[in-house]
Amino acid sequence: MNDSTLTGRVAWVTGSTRGLGKEIALELGRRGAAVAMNFANNSDAAARAFADLQAVQPKSCLVQGDVTDAAEIARMHSEIASQIGPVDILVPNATCEQPQLSFEEYDWEFFQSMLDFFVKSPALLTKAVLPHMKQQRWGRIVHITSEVFALGMARFSAYVAAKGGQIGFARSTAREFAPFGITVNCVAPGWIPVERHADDPQEAKDGYLAGVPAGYFGTPADVAAAVCFFASDKASFITGQSIAVNGGNTLP
């Protein structure tokens, strides 16, 4: 059911044509926000996802571009502003492949790719949307991070390090932007199976699930609900915080 809690706001969700990002975009749209959906490569999948978004929120747009490139971000930001308005809500969600390897198997190039997606990209995106947010003295930045930083997972050092950098960036900017009515928070999902996990071994899923106190896997809708809370006026006095959406798998 649609509601109007975010009516009049414009949201940009990166990496939003599949998985968690798609559900976040759809739920923001259901709650009244105009939504910019972003993708990098798969035009057919993007077209299908955008059709689903338009069914719940006609005031939406689809932009293609590399969210690790400053010029591409500037272009996309301009396209969004001209089509649906300046961005009030930013959700840096885009990701890349995340192989689990021993530290010796990673090279610096791979570490750099993780930093590009989870530190450089959020920083460049924030720089693009910040002037409007400061001018109107209202803004919401909701980072999609991960439980892996709290878990300190083995054989995942590059991803964990980059997510730690993203969390640190969010915490620092939360303090810096608070006087301007801009909140910066994190939603940290656990392992929530989506399309890219289709070929993951069942024994790996079973092993993970055995440690989740709730006893079941979450869904993309669970993550989207947390994002929408942080994006709403109900969370106006909450900043610099992280919600783990993982059935109790980690605790503060």
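What comes next is a walk through the structure. Given the structure is predicted, the values throughout are model-derived calculations rather than measurements. (Residues numbered from 1 in each chain as written. Predicted model: local features only at pLDDT ≥ 70, side-chain atom pairs only at ≥ 80, totals over all residues. Heavy atoms only, no water.)

## With respect to the packing of helix α3 (residues 70-83) against helix α4 (residues 108-136)
Then, in step 1: At their nearest, the axes of α3 and α4 sit 10 Å apart, and the two run at 40° to each other. Relative to α4, the element α3 is oriented oblique. The chirality of how α3 crosses α4 is right-handed. Here α3 contributes Ala70, Ile73 and His77 to the contact with α4, which in turn contributes Ser121, Leu124, Leu125, Ala128 and Val129.
Then, in step 2: Among the residues making up the contact of α3 with α4, the classes are represented as six nonpolar, two polar and no charged. (Axes fitted to C-alpha atoms, helices over the stretch in contact; angles between N-to-C directions. Helix = DSSP H or I, 4+ residues; strand = E, 2+ residues; numbered from the N terminus. Parallel < 35°, antiparallel > 145°, perpendicular 65-115°, else oblique. Left-handed = near helix turned anticlockwise from the far one by under 90°. Contact = heavy atoms within 4.5 Å. Nonpolar A, V, L, I, M, F, W, Y, C, P; charged D, E, K, R; others polar.)

## So, the side chain of Glu23
Then, in step 1: With respect to the helices and strands, Glu23 occurs in helix α1 (residues 19-30).
Then, in step 2: With sequence-adjacent residues up to four places away left out, Glu23 is seen in contact with Arg30, Pro220, Ala221 and Ala224.

## Digging into the nonpolar core
Then, in step 1: Ile24, Leu28, Ile89, Val91, Val187, Val223 and Val227 are the most contacted members of the largest nonpolar core, which totals 31 residues.
Then, in step 2: Within the residue set of this core, elements represented by two or more residues are β1 (10-13), α1, β2 (34-39), α2 (43-56), β4 (89-91), β5 (139-144) and α8 (220-231).
Then, in step 3: Residue contributions to this core peak at seven residues, all from α8.
Then, in step 4: Here Val223 is in contact with Leu20, Ile24, Val187, Pro189, Ile192 and Val245, once residues within four sequence places are set aside.
Then, in step 5: Counting residues in each nonpolar core, the second largest holds 26 residues, with Trp12, Val87, Leu90 and Phe177 among its members. (Core = buried A, V, L, I, M, F, W, Y, C linked by side-chain atoms within 4.5 Å. Buried < 20%, exposed > 50% of the residue type's maximum accessible area, 1.4 Å probe, protein only.)

## Some details on α2
Then, in step 1: Counted at 1.5 Å a residue, the expected span for α2 with its 14 residues is 20 Å, and the 20 Å between its end C-alpha atoms agrees.
Then, in step 2: Ala45, Ala46, Ala49, Phe50 and Leu53 are the residues of α2 that are buried. One side of α2 holds all its buried residues, which, seen down the axis, span an arc of 130°. The exposed set on the far side of α2, more than 90 degrees from its buried face, consists of Asp44, Arg48 and Ala55.
Then, in step 3: Elements that come into contact with the buried residues of α2 comprise α1, β2 and β3 (60-64).
Then, in step 4: Where α2 begins, one side-chain oxygen reaches toward the backbone nitrogen of Asp44, 3.3 Å away; that side chain belongs to Asn42. (Expected span 1.5 Å × (residues − 1). Arc of directions from axis to C-beta. Polar contact = N/O pair within 3.5 Å; in protein donor to acceptor, adjacent residues only side chain to side chain.)

## Topic: the pairing of strand β6 (residues 182-189)
In summary, the side chains of a regular strand alternate between the two faces of the sheet.
Then, in step 1: For β6, the tally of buried residues reaches eight of eight residues, placing the bulk of the element in the interior.
Then, in step 2: Alternating positions in β6 separate into two faces, Ile182, Val184, Cys186 and Ala188 on one and Thr183, Asn185, Val187 and Pro189 on the other, with burial throughout.
Then, in step 3: Two strands pair when backbone bridges link them, and β5 and β6 are joined in this way by six bridges, in the parallel orientation. If you follow Ile141 over to β6, its bridge partner there is Val184.
Then, in step 4: The pairing of β6 with strand β7 (residues 242-245) spans four bridges and is classified as parallel. Across the sheet, Cys186 pairs through a bridge with Ser242, a residue of β7. (Pairing = 2+ DSSP bridges.)

## Quick word on the pattern of salt bridges
Then, in step 1: In total, this model carries eight salt bridges according to the counting rule given.
Then, in step 2: As a salt-bridge pair, Asp52 and Lys22 come within 2.7 Å of each other at their nearest N and O atoms. On the criterion of sequence distance, the pair formed by Asp52 in helix α2 and Lys22 in helix α1 is long-range, its members being 30 residues apart.
Then, in step 3: A relative accessible area of 35% places Asp52 in the partly exposed class.
Then, in step 4: A residue is classified by how much of its surface remains accessible, and Lys22, at 21% relative accessible area, is partly exposed.
Then, in step 5: With its nearest N and O atoms 3.0 Å apart, the salt bridge here joins Arg30 to Glu23. (Salt bridge = Lys/Arg side-chain N within 4 Å of Asp/Glu carboxyl O.)

## Quick notes on the sheet that holds β4
Hydrogen bonds between backbone groups are what pair the strands of a sheet, and the pairing can be parallel or antiparallel.
Then, in step 1: Spatial strand order, β3-β2-β1-β4-β5-β6-β7: seven strands in an open sheet with parallel pairing. Only two strands of the sheet have a single neighbouring strand rather than two, namely β3 and β7. If you compare each strand with its neighbour and ignore which way they point, the axes differ by 15° on average.
Then, in step 2: Against the sheet, α8 makes contact with β4, β5, β6 and β7, and its axis sits at roughly 170° relative to β6, the strand it touches most.

## Digging into α3
Then, in step 1: The terminal C-alpha atoms of α3 lie 20 Å apart, and with 14 residues this matches the ideal 20 Å at 1.5 Å per residue to within 8%.
Then, in step 2: By the burial criterion, the buried members of α3 are Ile73, Met76, His77 and Ile80. Seen along its axis, α3 keeps its buried residues to an arc of 105°; they face one direction. Along α3, the residues that are exposed and aim more than 90 degrees away from the buried face are Ala71 and Ser82.
Then, in step 3: Where the residues of α3 are buried, they touch β1, β2, β3 and α4.
Then, in step 4: Positioned one or two residues after α3, Gly85 has a phi angle of 115°, which is positive.

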